[in-house]
Amino acid sequence: MAMVSEIPAGSGLQRLVQPLGEEVALDSVPVEGDVPSWLEGTLVRNGPAHFGPARHLFDGLAMLHKFAFTDGRVSYANRFLRTRAYQSLREDGRIGYREFASDPCRRLTAPIASLFRQVFTDNANVNVVRIGAQLAALTETPLPIAFDPDTLETLGVAYDPPGRWVRSPTAHPHFDSAGAMITMQVHFGPRSSYRVYRQTANGFHLLAKVPVREPAYMHSFTLTERHVILTEIPFTVRPLDLAAARRPFIENYRWRPDRPTRFIVLDRHTGRERGRWDAEPVFCFHHVNAYDEPDGAITIDLCAYPDPALIDTLYLHTLAAGRTPIPTGRLRRYRLEPGGRTTERSPVDVPFEWPRTNYAVANARPYRYAYGAGAKDASNGEPITTITKLDLHEGEPTHWADGSSFTGEPVFVPRPGADAEDDGAVLAIVFDPARDGSFLLILDACDLSELARVQAPHRMPFGFHGDYFPGTP
Ligand SMILES: [Fe+2]
């Protein structure tokens, strides 16, 4: 088994997954260009930064990175989440909990009931959200980890989602206009289900429960103003296989191309199921957006792959070998017709992943612009080399690219008081292999012209998601 520290310093992509042990807190970091004066807040990024004996990119220990903007100046800090998984992996050098694709030693003699309750990781390395006054790091196990936005110090488990068996919540919850979190969990057990919750200060309210025999892997979901849509891709698991724990979590899932991709549409207010629409089998991590059409149809945009091969390419030994091209997601647009038919009419066909929108004005509504990481040339197997803006009305994308640099998720930040959907800035972490360093790229969200580069003091490893919190978080 290859550890990531054995990855040769060959291609830029391989260096992007080298671990980072250093933790710093700097009051000021170098800025080239002009940071917009209205940018007053904090960008927090999350991603894996230490791997040890972990087998998969998704199993690296969560590190938070923070860029805070005040009067055009920028500070930077980074810190590992201090979790039980951190204690086990960083300090004891062993996998202590069930990760996405790495497991601790298994007790094969344990009874089934206890296996369903096996301890999954608290290594919240996927995303960052604000819940009430608190910031929390999330992964797909039910232990969101709260942290201090100033110091990035770990504060402990933010809340414990409902359920008594194994649950896998999405790390991509939504938020409604009242600030309540709408989230989805897959519940595994003797009677498995998809469950949608609305979470307020008063706790979790179960909005919908959809029984399922073989749950699909469901990394994200999407909303319209009237609906919650669960996209059931044909990548499914038998709950007993998960319980038996003969393999790490994701390796229990099977690709079933004989089955459709199924959109399960729920009423957003009553939770009642409105219907199911089928489409060709695809694999998907991320939805872009969805909205209700005047004629009763629903439009859904997501980043699709022909199969789940992407997961296999992100095993650390595969990345180390450097011979397997990384598949490229592409935008797919579906229209769920009132009569039950699904049609596809993607307005643009370019590599597109890590989609973001102007969430406050665009999410769940008709919208025009989406931002993501794309590729100049998807055929070389390095799919994250551009920041790409999609104009879903005109179909002609805009790109930012810089030599052989690798791009991260572009976070859209609206300019205060803006009317136009794309009036704001885009913030993305970029890795420059020529310099073996990382910088925060600030683009004008209208035309992707470059406004500023903020130099990070070290190479930031491959990250997943993050968000911008205006003012003092
Ligand atoms: Fe994600």
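Per an unreviewed UniProt entry, the protein chain goes by Dioxygenase and derives from Actinomadura fulvescens. Of the protein chain, the UniProt comment under Sequence similarities (unreviewed entry) reads exactly: "Belongs to the carotenoid oxygenase family."

Asks: Tell me about the coordination of the iron ion, and name the residues and values.
Replies: Protein coordination at the iron ion: the donors are His172 (NE2), His219 (NE2), His286 (NE2) and His465 (NE2), at 2.1 to 2.2 Å from the metal. Each of the four donor atoms bound to the iron ion contributes to angles spanning 92 to 165°, and the resulting shape is irregular. For the iron ion, the single-chain donor residues occur in sequence as H-x46-H-x66-H-x178-H. You can see His172 sitting in the loop between strand 10 (167-169) and strand 11 (174-175) and its partner His286 sitting in strand 21 (residues 283-292), a full 114 residues away along the chain. Take His172 and His286: they sit in the same class, and that class is buried.

Asks: Summarise the pattern of salt bridges; cite the residues concerned and give the values.
Replies: Evaluated as defined, the whole model comprises 30 salt bridges. Arg55 is paired through a salt bridge with Glu251; the nearest N and O atoms lie 2.8 Å apart. Here Arg55 is found in the loop between strand 3 (41-48) and strand 4 (62-70), whereas its partner Glu251 is found in the loop between helix 4 (239-244) and strand 18 (254-255), with 196 residues between them in sequence. The partner of Arg368 in a salt bridge is Glu394, and the shortest N-O contact between them spans 3.6 Å.

Asks: How would you explain the nonpolar core if you had to name every residue and give the values?
Replies: Nonpolar side chains in soluble globular proteins generally cluster together in the buried interior. Residues Leu57, Tyr194, Tyr217, Leu230, Phe249, Ile250 and Phe263 are the most contacted members of the largest nonpolar core, which totals 79 residues. Ranked by residue count, the leading element in this core is strand 22 (residues 298-305), at five residues. In terms of nonpolar packing, the next biggest core, distinct from the first, is built from 21 residues, Val29, Val74, Val411 and Ala452 among them.

Asks: Now, about the sheet that holds strand 15 (residues 222-223): what can you tell me, with residues and values included?
Replies: Spatially, the four strands line up as an open sheet ordered 15-16-19-20, and their pairing is antiparallel. Either end of the sheet is taken by a strand with one partner, and the two such strands are strand 15 and strand 20 (273-279). Across six bridges, the pairing between strand 16 (residues 227-232) and strand 19 (residues 261-267) is antiparallel. Note on strand 19: the bridge partner recorded for Ile229 is Val265.

Definitions and limits used
- Residues numbered from 1 in each chain as written.
- Predicted model: local features only at pLDDT ≥ 70, side-chain atom pairs only at ≥ 80, totals over all residues.
- Heavy atoms only, no water.
- UniProt positions renumbered as here; feature names shortened; annotations may be inferred.
- Donors = N, O, S within 2.8 Å, 3.2 Å for Na, K, Ca; no water.
- Tetrahedral: all angles 85-135°; square planar, octahedral: opposite > 155°, others 65-115°.
- Helix = DSSP H or I, 4+ residues; strand = E, 2+ residues; numbered from the N terminus.
- Buried < 20%, exposed > 50% of the residue type's maximum accessible area, 1.4 Å probe, protein only.
- Salt bridge = Lys/Arg side-chain N within 4 Å of Asp/Glu carboxyl O.
- Core = buried A, V, L, I, M, F, W, Y, C linked by side-chain atoms within 4.5 Å.
- Pairing = 2+ DSSP bridges.

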